[in-house]
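# Structural description and commentary
The primary structure of each chain is shown beneath.
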Amino acid sequence: MKIIVIDGQGGRMGSLIIARIKESGITEPVIAIGTNSMATASMLKAGADKAATGENPVIVSTRDADFIIGPIGIISADSLLGEITPAMANAVSSCSACKILIPTNRCNHYIAGMKDLPLGDLITIAVNKLKEELTKASSFLHDPSDC
């Protein structure tokens, strides 16, 4: 399974996601892709198995990803204060991977009905969803497009 975590700015959310994945007992390798070198370094420090930085790694890595995790802004061009290019947003949103997006009401994204939960709780929910999907993927009956 190919698990990708994408984040930008300082990489705080991405590093928290990776640390929680590693703590949860998931043994699959995690690839971190930062929109800038600071985000990438932060996610590597949190335990990512591999890492890359920039637009092209997002485009190339999402082609065959099984799971992509990150802030909801990774599917919206010019989000994360402009760090998500239209090509990045298109690559993430159009790939066939199961996307586990952390909903944050920032950067002019408002998700109606979203509970105002702390970031740590949102990450716990996301990692639990990843574990659930990895379990499904190990069975013969699971179709990755069911995510």
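Just above, that's the structure.
Just so we're clear, the structure is a prediction, and the values are computed from it rather than from any experiment. (Residues numbered from 1 in each chain as written. Predicted model: local features only at pLDDT ≥ 70, side-chain atom pairs only at ≥ 80, totals over all residues. Heavy atoms only, no water.)

## Quick look at the pairing of strand β5 (residues 98–102)
Our working rule: When a residue's accessible area, from a 1.4 Å probe over protein chains only, is under 20% of the maximum for its type it is buried; when over 50% it is exposed; and in between it is partly exposed. Starting at the N terminus, helices and strands are each numbered in turn, a helix being any DSSP run of H or I of at least four residues and a strand any DSSP run of E of at least two. Pairs of strands are assigned from DSSP output, requiring at least two bridges between the strands.
Along β5, the buried face is formed by Cys 98, Ile 100 and Ile 102; none of Lys 99 and Leu 101, which line the opposite face, is buried. Bridging between strand β4 (residues 67–71) and β5 involves five bridges; their strand directions are parallel. When the bridges of β5 are listed, Phe 67 appears paired with Cys 98.

## Description of the environment of Ser 61
The criterion, for reference: Every residue pair with non-hydrogen atoms within 4.5 Å of one another is taken to be in contact.
Structurally, Ser 61 can be placed in helix α3 (residues 55–62). Classification of Ser 61 by relative accessible area gives buried; the value is 14%. Setting aside its immediate chain neighbours within four residues, Ser 61 contacts Lys 2, Ile 4 and Ile 33.

## Comments concerning the sheet that holds β4
What counts here: Angles here are taken between N-to-C directions and fall from 0 to 180 degrees, while the axes themselves are lines fitted to C-alpha atoms, restricted in helices to the stretch in contact.
Taken together, the five strands give an open sheet; going across it, the order is β3-β2-β1-β4-β5, and neighbouring strands pair in parallel fashion. Every interior strand has two partners, whereas the edge strands, β3 (50–53) and β5, have only one. The average undirected angle you get between the axes of adjacent strands in this sheet is 20 degrees. Examined bridge by bridge, strand β2 (residues 30–34) and β3 share four bridges and lie parallel to one another. In the strand pairing of β3, Ala 32 is matched with Ala 51. On the sheet, helix α1 (residues 12–23) packs against β1 (3–7), β2, β4 and β5 and is oriented at approximately 155 degrees with respect to β1. Strands β1, β2 and β3 of the sheet are contacted by helix α2 (residues 37–45), whose axis makes an angle of about 175 degrees with β3.

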